[in-house]
Amino acid sequence: MKKIVFREEKCAGCNICSIACMDQNDYDPSWGTEPFRTSGCVLKDGKYKNWSTSCVHCGRCIDVCPLTCISRDKETGMVVVDDTDCIGCGACSDACPVSAPKIVDGKMRKCDGCNERIKAGMLPACVRACPTGALSFE
Amino acid sequence: MTETEKRIAAKIPGEDTGIEIKKSVCPVCDRACGINAYVKDGKIIKIEGCETSPGGKGFLCPRGISARGYIYKKDRVLYPLKRVGERGEGRFERISWDEAYRTIAEKLGAVKAQYGPQAVTVYSGHTKWYRTFVQRFAYSFGTPNYATESSCCFTHGYMAGKSVLGFNVGPDMKNAGVFLGWSYCPHRDPRDLKAVLSFKKNGGKLIVVDCRRTQAAEIADIFLQPIPGTDLAIILCMANILIENGWIDKEYIDKYVYGFDKFRAAAAKYGKDNIEALSGVKYEDIYKACELIHGHLPMAINKFNGHHVNGFNANRALYALSAITGCYDVKGGQSPKPFAFQHMGGGFKTLDREFCEAKRPLSPLPIGCDKFPLWNWYEHEAQAISIPDSVLNGEPYPTKAIMAFGLNYRMWPDSQRMKEALNKLDFFADMDLFLTDTAKMADIVLPAASTVERSDLKFYPGGYMWYPAPVIEPLGESRPDEQVVCDLAEIMDLDDPVLRSGVVATYDHILRDLSFKIKDVSGPDPVKVADFKPWQPMQALTAGLPTPTRKIELSCSVIEDHPEWGLCSVPDYMPAFDEKEAAEYPLVLVAGARNKNRFHSRLTNHPWERAAAGEIDIQIHPDDAAELGIKDGDRVVVETRTGSIELKASVTEVSRRGSVNIYHDDPSAPANDIIPSDRRDPYTGFPAFKSSRCRIRKAASR
């Protein structure tokens, strides 16, 4: 199964991936959370460090959810959420190594790897928009 | 959720979801990158780059990828508005287009009757695509005062190109051996980044000169970080080193260059003894850069914005480096890039200049042209920096009304003075996409449609042209700017049958010498037109350049012929700063260095811009910050002799020691408010955005 892969050496820290993610997921700062994908560049000790991070679909959140809202899609391998029963307890967020789950209006939201786009034969929005090849789907 | 509901939520195009992909053009800037607009129920729900477009080839930059939020920004003007509150207060009443047009016609007509047509200024902000229409409208109305924002941004470099070479020019990086990247930051745009990475991969050498340590410094073979505003001295020092070592093309100079000896004498003043004191860059490092240039010719050079008092001459001197190394009009050097339409190159010529010139009133001189005669010589447009002098002081004569398309007073130095001028006008109308703080000053505000809601003529490299169809209906009652110009020409009964014949007929009139009409380039994709002629090296030089001497003019013959102007015919350096200010204002302020996520004020109030780029800050070098007791994130007050602003400090090695950077145009920390407007480049009238003096202190805690 294919995964979203990040190669730091190719990243320009341009934020295109995170804005494409905002566009795909209708991100609004009024959520009071960070967008699903964050990125950027910082200069320290004479060197630039570029990054782009999001949910890595490790699945640690699946087991801690008390209401089994989170599952792994069998077709794509992406960790997805059905928030019908979600109570916004935040256990998923606490278990996450990269704080991917966000609680918005009492419900958990996170990157689903653009699950439906993948099923439709398309690339995840961030990968599609990345001009340098730092993000790929392989 | 059903499967279809999931697909709709994920914006999957298809018959089941009712989502259609429509090709259009990015509305944020003028580079016309192709977009795929995902449209559902007449609304754009997502944007991606369009793979088949010659603009971007499937990718967008960080500003372009934000385009949906730009189109639907909450402050879009949707209807014609009449001001009912005080200027700037923001209280408006919705009116009809008919009433708006009649009011404008009546008010401009009244000013013309009482004071003469020159008392009306017709102004264009950024963007540029509609400017031919706006300029012709001004001239047909009878005023010589057509003014644009380019008179403090783009035009100084264009004037330098015209004076030295007779053309706008551009680099042939692909075939170059060495690339001189002056204030060069390719990481802002994926197209530029891909080009430079491929250049490097093929063995090209990169020299970057920038007062900021951007990501370009990381990929450079040599990086020089001068004191802002002093770069002309470095360019002259480079010329001196190249000439002294004989690393020049003597034969080429003899044949194609005018004024070499005068230029050599000017350059000879900058060398080992003074360059480090002037520019903060070691002579040895400049020498190494020259060695690299000499060893890897041909050299291509990027165009840059020299927004300081030496800006025009810095651009001229860069063109001189190209000339003395024999790199102009050769493969891998600089090539002529004459504009086809507005500031867009096409590889052919439209009649847009002739269209405007045919109606230009020859007197009186436009405002600002009396003070800046070289500007008048090349541009004969109003130098808009003089608008406050005209409105507030009546110099050289009063301006009483402004009809503007996208005016932003924060673009101008000492912005509050420009605002004061707008406040004093008898009448001010402004057409804009957004109800900006400037639009709030207007008596009538007209709603502009964005690129995806209308059509306009786009030019791409390689002779590709496109007049794309709108992909959504105009928001509210917004209209295209050129339609408004044509409508106004009709309602005001102007003696201009062409403008009054409508938008497409006017375009076809401007294209009449070419093989195609608007309908021929209105298909689903850009098309290559038969009129395109690719650049042939040495053709321009052999034919003779469009300068008075037909040669590359290192000494400007126009200036030589006009000693009364008091200008120097060769690009000589003048002190970048007023040394009297140094003790009181020890730091150098740079306002307006570009930022990946911002494009002037276009994305102000955009919900994703702040999320991606953070709040507006002042960038201070760690050593300066330590000396001033400022920590990262502190609120600080920045003062110049013009005023002060308060904003967040970021302590970063991006800034050079002794200089600080603030992004421009943002209402939260309007940097141009504190840039003095009275220090101007005498050649062009440009202000010192990139080299004013300031001081910084910690803000009182709130």
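With that settled, the discussion passes to the overall build of chain A. Counting its secondary structure elements, chain A contains five helices and eight strands. The helix and strand sequence of chain A, counted from the amino end, reads β-α-β-β-α-β-β-α-β-β-α-α-β. Taking 2.2 N^0.38 as the reference for a compact globule, 138 residues should give roughly 14 Å; the C-alpha atoms of chain A span a radius of gyration of 15 Å, in line with that estimate. Principal-axis analysis of the C-alpha atoms gives chain A an extent of 45 × 35 × 25 Å. Burial analysis of chain A (138 residues in total) assigns 41% to the buried set. Put simply, 55% of the contacts in chain A that link residues at least 6 apart link residues at least 24 apart.

Facing 31 residues of chain B, the contacting portion of chain A comprises 26 residues. Listing elements by their share of the side of chain B that touches chain A, those giving two or more residues are helix 1 (3-9), strand 3 (43-49), helix 6 (190-201) and helix 23 (607-613) of chain B. Here the element with the most residues in the side of chain B that touches chain A is helix 23 of chain B; it accounts for five residues. Here the residues of the side of chain B that touches chain A are counted per class, giving 14 nonpolar, five polar and 12 charged.

Before going further, it helps to spend a moment on the nonpolar core. The nonpolar side chains of a soluble globular protein tend to be buried, and buried together. All names here are of chain B. Residues Leu-236 and Met-238 are the most contacted members of the largest nonpolar core, which totals 224 residues. Take this core: its biggest share by element is 10 residues, from helix 8 (residues 231-244). When near neighbours in sequence (up to four residues on either side) are disregarded, Met-238 contacts Ile-286, Ala-289, Cys-290 and Leu-321. Residues Ile-630, Val-638, Ile-645 and Tyr-663 belong to the second largest nonpolar core, which totals 33 residues.

Residues and elements named next belong to chain B. Between helix 8 and helix 10 (residues 260-267), the shortest axis-to-axis distance is 8 Å and the interhelical angle comes to 110 degrees. Judged on the interaxial angle alone, helix 10 and helix 8 are roughly perpendicular. For the pair helix 8 and helix 10, the sense of crossing is left-handed. Listed contacts from helix 10 to Leu-236, Ala-239, Asn-240 and Ile-243 of helix 8 are Arg-264, Ala-266 and Ala-267. Class assignment for the residues of the contact of helix 8 with helix 10 results in five nonpolar, one polar and one charged.

Next up on the list: the sheet that holds strand 10 (residues 205-209) of chain B. As a general point, the strands of a sheet are linked pairwise by backbone hydrogen bonds and lie either parallel or antiparallel. All names here are of chain B. An order of 11-10-9-13 is seen for the four strands of this open sheet, with the pairing classed as parallel. Strand pairing shows two members of the sheet lacking a second neighbour, strand 11 (222-224) and strand 13 (299-301), which therefore form its edges. The sheet shows a mean angle of 15 degrees between the axes of neighbouring strands, taken without regard to direction. Where strand 10 and strand 11 come together, three bridges link them in parallel fashion. Paired with Val-208 across the bridge in strand 11 is Phe-223.

What follows deals with helix 1 (residues 16-24) of chain A. Helix 1 of chain A sits mainly inside the fold: nine of its nine residues count as buried. Just downstream of helix 1 of chain A, A:Asp26 is the residue with a positive phi angle, here 50 degrees.

Turning our eyes to something else, we now look at the domain arrangement of chain B. The extent of an interface is frequently quoted as the accessible surface area lost upon association of the parts. Residue and element names in this part refer to chain B. What the domain assignment lists for chain B is domain 1 (3-71), domain 2 (81-155 + 341-528), domain 3 (169-336) and domain 4 (579-698). Among the elements that take part in the side of domain 2 that touches domain 4, helix 17 (residues 415-424) stands out by supplying three residues, more than any other. Of the residues contributing to the side of domain 2 that touches domain 4, the split by class is eight nonpolar, eight polar and five charged.

Per-residue confidence for chain B gives a mean pLDDT of 96, with 100% of residues at or over 70. Scoring the predicted complex yields pTM 0.97 and, for the interface, ipTM 0.98.

Our next topic: the environment of A:Lys49. Residue and element names in this part refer to chain A. Note on placement: Lys-49 falls in strand 3 (residues 47-53). Along the backbone, Lys-49 and Glu-9 are 40 residues apart, and their C-alpha atoms lie at a distance of 9.3 Å. Excluding residues that lie within four positions of it along the chain, Lys-49 makes contacts with Cys-41, Val-42 and Lys-44.

All names here are of chain B. Position of Lys-174 relative to the elements: it lies in the loop between strand 8 (169-171) and strand 9 (178-182). Take Lys-174: there are 13 C-beta atoms within 10 Å of it, and that puts it in the partly exposed class. Once the C-alpha coordinates of Lys-174 and Gly-116 are considered, the two residues, 58 residues apart in sequence, prove to be 53 Å apart.

Glancing now at the pairing of strand 2 (residues 38-44) of chain A. Residue and element names in this part refer to chain A. Pairing of strand 2 with strand 3, which is carried by seven bridges, proceeds in the antiparallel orientation. Looking across to strand 3, one finds that Val-42 is bridged to Lys-49. Taken together, strand 2 and the strand that follows it, strand 3, pair antiparallel across an intervening segment of two residues, in which Asp-45 is found at a positive phi of about 50 degrees.

It is worth spelling out unusual backbone geometry at this point. All names here are of chain B. With an omega of 5 degrees, the peptide bond between Leu-297 and Pro-298 qualifies as cis. Checked against the element boundaries, Pro-298 lands in the loop between helix 12 (283-295) and strand 13. Here the residue pair Ser-363 and Pro-364 is connected by a cis peptide bond, since its omega of -5 degrees sits within 30 degrees of zero. Of note, Pro-364 is situated in the loop between helix 14 (352-357) and helix 15 (373-379).

About the cut-offs
- Residues numbered from 1 in each chain as written.
- Chains lettered and ligands numbered in written order.
- Predicted model: local features only at pLDDT ≥ 70, side-chain atom pairs only at ≥ 80, totals over all residues.
- Helix = DSSP H or I, 4+ residues; strand = E, 2+ residues; numbered from the N terminus.
- Rg over C-alpha atoms; globule rule 2.2 N^0.38 Å.
- Buried ≥ 20, exposed ≤ 12 C-beta atoms within 10 Å, placed from the backbone.
- Contact = placed C-beta atoms within 7 Å.
- Nonpolar A, V, L, I, M, F, W, Y, C, P; charged D, E, K, R; others polar.
- Core = buried A, V, L, I, M, F, W, Y, C linked by C-beta atoms within 7 Å.
- Axes fitted to C-alpha atoms, helices over the stretch in contact; angles between N-to-C directions.
- Parallel < 35°, antiparallel > 145°, perpendicular 65-115°, else oblique.
- Left-handed = near helix turned anticlockwise from the far one by under 90°.
- Pairing = 2+ DSSP bridges.
- Domains from an automatic or database assignment.
- pLDDT = per-residue confidence, 0-100.

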